[in-house]
Protein chains: 2
Amino acid sequence: MSQSSDLKTEISVLQYNSDGLIPAVAQQHDTGEVLMMAWMNAKSIQETLNTGRVCYWSRSRQKYWRKGEESGQIQTLKAMRFDCDNDTILLMVDQIGPACHTGRKTCFYKLVQDQKVIIDSEPLIDPKTLYGK
Amino acid sequence: MSQSSDLKTEISVLQYNSDGLIPAVAQQHDTGEVLMMAWMNAKSIQETLNTGRVCYWSRSRQKYWRKGEESGQIQTLKAMRFDCDNDTILLMVDQIGPACHTGRKTCFYKLVQDQKVIIDSEPLIDPKTLYGK
């Protein structure tokens with residue numbers, strides 16, 4: 001429990017892929033529900049720690065993605081963890097409303113059951129409302 | 001809650017990377033603890049579903065990795081979920097003993113605290129014992 005090392009050093013030695021990205025898993029801090037997986041780079045990690053609000057790197061839009069900037073469904077950082085290999089981040093967050101762009105709390109709503117995949121949760125909010133379309 | 005589709009089709013349309021791999025997050029089914037993140041390919045997904053024992057693809061060893069094959073610390077599959085974008089898998093598992101090669105229950109034992117990273121859990125088992133070295 002005693003060992004500790006400098007944060008900037010630890011961020012610099014994370015195992016980023018060839019695009020400078022590392023996967024980040026977001027978990028609701030109090031319920032333990034796994035909400036989503038997205039990607040971060042060194043700057044979005046630092047911004048997230050500085051602001052207390054989760055900032056990812058959007059691979060599809062090739063820009064910083066401050067979770068909730070469009071939908072208002074922001075993620076407040078409760079804790080950040082790195083894994084043994086320094087190649088994955090675990091974000092303990094407080095998710096306001098749904099994490100998923102479909103309006104569901106979690107993105108992991110497709111459940112393998114027998115030889116089918118079923119959808120076992122419904123949107124909390126109509127995505128049209130979330131994104132004002 | 002009604003929609004469903006064929007499992008083989010769903011596995012075939014998962015968003016594998018250029019190496020044919022997709023990230024899989026393993027969560028202890030009863031405690032909610034996030035244990036690790038590793039990679040799967042279509043065959044390891046199918047094997048995991050067929051056997052009920054989690055099989056990853058080891059990028060470092062470039063071979064199938066039946067979790068626990070060396071350490072005995074196997075993962076029994078309780079449920080498998082896909083996310084909205086079909087680019088991440090969530091495995092609800094029953095982890096026998098530690099998931100981490102360091103002998104810790106979870107791989108996410110490095111906690112960011114102030115401007116440091118601290119290790120906030122100790123090994124359950126000496127890794128030397130786990131791997132008989």
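Look a little higher up for the structure.
Residues numbered from 1 in each chain as written. Chains lettered and ligands numbered in written order. Predicted model: local features only at pLDDT ≥ 70, side-chain atom pairs only at ≥ 80, totals over all residues. Heavy atoms only, no water.

1. Some details on the sheet that holds strand E3 (residues 34–40) of chain B
- If you trace the seven strands from one edge of the open sheet to the other, you get E1(B)-E9(A)-E8(A)-E6(B)-E7(B)-E2(B)-E3(B), paired in mixed fashion. The open sheet has two edge strands, strand E1 (4–6) and E3 of chain B, and neither has a second partner. Mean inter-strand twist for the sheet, computed between neighbouring axes without regard to direction, equals 30°.
- Contacts from helix H2 (residues 42–51) of chain B reach strand E8 (110–113) of chain A together with strand E2 (22–28), E3, strand E6 (75–82) and strand E7 (89–95) of chain B, with the element oriented near 120° to E6 of chain B. (Pairing = 2+ DSSP bridges. Helix = DSSP H or I, 4+ residues; strand = E, 2+ residues; numbered from the N terminus. Axes fitted to C-alpha atoms, helices over the stretch in contact; angles between N-to-C directions. Contact = heavy atoms within 4.5 Å.)

2. Quick word on the packing of aromatic side chains
Residues and elements named next belong to chain A.
- Taken as a whole, this structure holds four aromatic pairs over all chains when the rule is applied.
- Ring plane angle 85° and centroid distance 5.0 Å describe the contact between Trp57 and Tyr64, whose orientation is recorded as edge-to-face.
- Overall, the relative accessible area of 25% leaves Tyr64 in the partly exposed class.
- The positively charged end of Arg104 is found above the aromatic ring belonging to Tyr109, 4.0 Å away from the centroid. (Phe/Tyr/Trp six-rings, centres within 6.5 Å; stacked < 30°, edge-to-face > 60°. Buried < 20%, exposed > 50% of the residue type's maximum accessible area, 1.4 Å probe, protein only. Lys NZ or Arg CZ within 6 Å of the ring centre and 35° of its normal.)

3. Some points on the interface of chain B and chain A
- Across the boundary between the two partners, chain B contributes 47 residues, which contact 47 residues of chain A.
- Carbon and sulfur atoms make up 58% of the area that chain B and chain A hide from each other, which totals about 4,100 Å².
- Taken together, the connections running from chain B to chain A amount to four salt bridges.
- Residue Arg81 of chain A pairs with Asp120 of chain B through a salt bridge whose shortest N-O separation is 2.5 Å.
- On the surface where chain B and chain A come into contact, there are 18 residue pairs in polar contact (both at pLDDT 80 or more).
- Of all the secondary structure elements, the ones that give two or more residues to the side of chain B that touches chain A are E1, helix H1 (7–12), E2, E3, E6, E7, strand E8 (110–113) and strand E9 (116–119) of chain B.
- When its residues are assigned to classes, the side of chain B that touches chain A shows 23 nonpolar, 12 polar and 12 charged.
- Direction of pairing for strand E9 (residues 116–119) of chain A relative to E1 of chain B: antiparallel, over a ladder of three bridges. Within E1 of chain B, the residue paired with Val117 of chain A across the bridge is Ser5 of chain B. (Buried area = accessible area lost by both parts, 1.4 Å probe. Salt bridge = Lys/Arg side-chain N within 4 Å of Asp/Glu carboxyl O. Polar contact = N/O pair within 3.5 Å; in protein donor to acceptor, adjacent residues only side chain to side chain. Nonpolar A, V, L, I, M, F, W, Y, C, P; charged D, E, K, R; others polar.)

4. Notes on the side chain of Asp83 of chain A
- Topologically, Asp83 of chain A is positioned in the loop between strand E6 (75–82) and strand E7 (89–95).
- Buried within the structure, Asp83 of chain A lacks any salt-bridge partner; its nearest side chain of opposite charge belongs to Lys110 of chain B, at an N-O separation of 6.6 Å.
- Within the structure, Asp83 of chain A has its side chain in polar contact with the backbone nitrogen of Asp87 of chain A (distance 2.9 Å).
- Contacts of Asp83 of chain A, omitting those with residues within four sequence positions, involve Thr88 of chain A together with Cys107, Phe108 and Lys110 of chain B. (Lys, Arg positive; Asp, Glu negative; His and termini not counted.)

5. Let's talk about the sheet that holds E8 of chain B
- Strand order in this open sheet of seven strands is E1(A)-E9(B)-E8(B)-E6(A)-E7(A)-E2(A)-E3(A), and the pairing throughout is mixed. Taken across any chain shown, the strands that pair with only one partner, and hence form the sheet edges, are strand E1 (4–6) and strand E3 (34–40) of chain A. Adjacent strand axes in the sheet meet at a mean angle of 30° when their direction is disregarded.
- Contacting strand E2 (22–28), E3, E6 and E7 of chain A together with E8 of chain B, helix H2 (residues 42–51) of chain A runs over the sheet at an angle of about 120° to E6 of chain A.

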